[in-house]
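Take a look at the letters that make up each chain.
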Amino acid sequence: MLDQAGLTILDFRLKIAVAAFAGAATVAGQTSRLAGELDAKGFASRVAAEKGRVVLVNFWATWCAPCREEFPDLVRLQRAYAGKGLSVLGISTDFAGQLAAVEKFLEENRPPFPNYHKLGAGDDQDFINAVERSWGGELPFSVLFDRQGKKVRVLSGKQSYADLEREVTRLLS
Amino acid sequence: MRHSRLALAFAVASALCLAGTALAEGPAVGAKAPDFQLTTLDGKAFSLSEAVGGKTAVVVMFIATKCPYSNAYNDRMRDMAIAYGKQGIQFVGINSNKSEPADEVAAHARQHGFTFPLMKDPDNKVADLYAAGHTPEIFVVDRGGVLRYHGRIDENYENPSRVASPDLKNALDSLLAGKPVAKAETKAFGCSIKRV
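Conventions we followed
- Residues numbered from 1 in each chain as written.
- Chains lettered and ligands numbered in written order.
- Predicted model: local features only at pLDDT ≥ 70, side-chain atom pairs only at ≥ 80, totals over all residues.
- Contact = placed C-beta atoms within 7 Å.
- Helix = DSSP H or I, 4+ residues; strand = E, 2+ residues; numbered from the N terminus.
- Nonpolar A, V, L, I, M, F, W, Y, C, P; charged D, E, K, R; others polar.
- Pairing = 2+ DSSP bridges.
- Axes fitted to C-alpha atoms, helices over the stretch in contact; angles between N-to-C directions.
- Expected span 1.5 Å × (residues − 1).
- Buried ≥ 20, exposed ≤ 12 C-beta atoms within 10 Å, placed from the backbone.
- Arc of directions from axis to C-beta.

Chemist: Break down the interface of chain A and chain B for me, citing the residues and quoting the values.
Modeler: Across the boundary between the two partners, chain A contributes 23 residues, which contact 20 residues of chain B. Secondary structure elements with two or more residues in the side of chain A that touches chain B: helix H5 (124-131), strand S5 (138-139) and strand S7 (151-156) of chain A. With 6 residues, the top contributor of residues to the side of chain A that touches chain B is S7(A). Residues belonging to the side of chain A that touches chain B are distributed by class as follows: 9 nonpolar, 8 polar and 6 charged. By the bridge criterion, 2 bridges tie S5(A) to strand S9 (residues 190-192) of chain B in an arrangement that is parallel. Note on S9(B): the bridge partner recorded for A:Glu138 is B:Gly190.

Chemist: Lay out the environment of B:Ala102 in plain terms, naming residues and giving numbers.
Modeler: Residues and elements named next belong to chain B. Structurally, the position occupied by Ala 102 is in helix H5 (residues 102-112). As a C-alpha pair, Ala 102 and Tyr 157 span 55 residues in sequence and 25 Å in three-dimensional space. Aside from chain neighbours lying at most four places away, what touches Ala 102 is Leu 41 and Lys 120.

Chemist: Mind laying out the sheet that holds strand S2 (residues 54-60) of chain A, listing which residues take part and the relevant values?
Modeler: Residue and element names in this part refer to chain A. On the basis of which strands lie adjacent, the open sheet formed by 6 strands has the order S1-S4-S3-S2-S6-S7 and mixed pairing. In this open sheet, the two strands that pair with only one neighbour each are strand S1 (36-38) and S7. On average, each strand axis in the sheet is tilted by 25 degrees relative to the strand beside it, whichever way the strands run. As judged from the 7 bridges shared by S2 and strand S3 (residues 86-92), these two strands associate in the parallel manner. By the bridge assignment for S3, Asn 58 is matched with Gly 90.

Chemist: Can you tell me about helix H6 (residues 161-172) of chain A, naming the residues and giving the values?
Modeler: Residue and element names in this part refer to chain A. Between its first and last C-alpha atoms H6 spans 16 Å; for 12 residues at 1.5 Å apiece the expected length is 16 Å, and the two agree. Residues Leu 164, Glu 167 and Val 168 constitute the buried set of H6. Down the axis, H6 shows its buried residues gathered within 90 degrees of arc, on one side only. With respect to the buried face of H6, the exposed residues turned more than 90 degrees away are Ala 162 and Arg 166. In this structure, the buried side of H6 is in contact with S2, helix H3 (65-81), S3, strand S6 (141-145) and S7.

Rendered as structure tokens:
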């Protein structure tokens, strides 16, 4: 038997499972809901699914002020370069108890790219190392993959739109 | 031979390229910790090399006033500084965030009962020296001035009563026992240091 908290979590997971299908089909559309939860394996698979496109993965959190400041530039970047082959993927590292704040943030920003929540289970260190060995855990943090799916660049801390655009256009050209 | 040199050059170039805007390399665990001098919020001169002289170790903590991850550890930092202070280990806090002025850092310390020295790091020079990227981020320097631990306080920011890996505590206990630190480098999420 599930208690109220269990039902809430189950309800959330069902919603994001549905959203994951929708998100995959409407990368260019506005996505105001989380597209799912990802662990390190899921992260690798999700990036691999974008092969043929330049992928910018941004790790963020609602409590992280520079992440919130950088996010609108990611929205702008995806709008400008989606047609040229860019796929931005967002991964929230918010605490498990803050998913409502995450969805509120997405509702306010309506990013034209899918956003996932890092799966809460396990030691964050394992996830961090699986994404990038040189990453110390600071947020925001972005990783760029070329069209062949090869990791080619890491961006630590908040980036300006000009810096993001320069990094992305270099890979798109 | 030529091919292997080319391959090596390519590997080095790839690594440099991947670095992007990642932080520069900080001191490695086992290497000499860079010395630094700062002024504490109550106006006293602090020198790392002088501090390690009379102590078993100095725990250098890059912390913040507004970062939820750093704030999650306020009580743990306060309690560990007192407990380990009695055993000859000195805790110090460094705030390198340009967005958090000295009066705010002092008020935050009073609010949370910090008794360890706190310092502002003008122009984030010490954060750069150590390549500290986020808060909270910990460096433990032994009495010989060697970096013995770098990383997190523990793995559970949300619940101190359910910590499974008390990494800083384990490192300090090892130093007190004269043993090597088994897990000398750890990671956790944190807030980027807001640099100048």
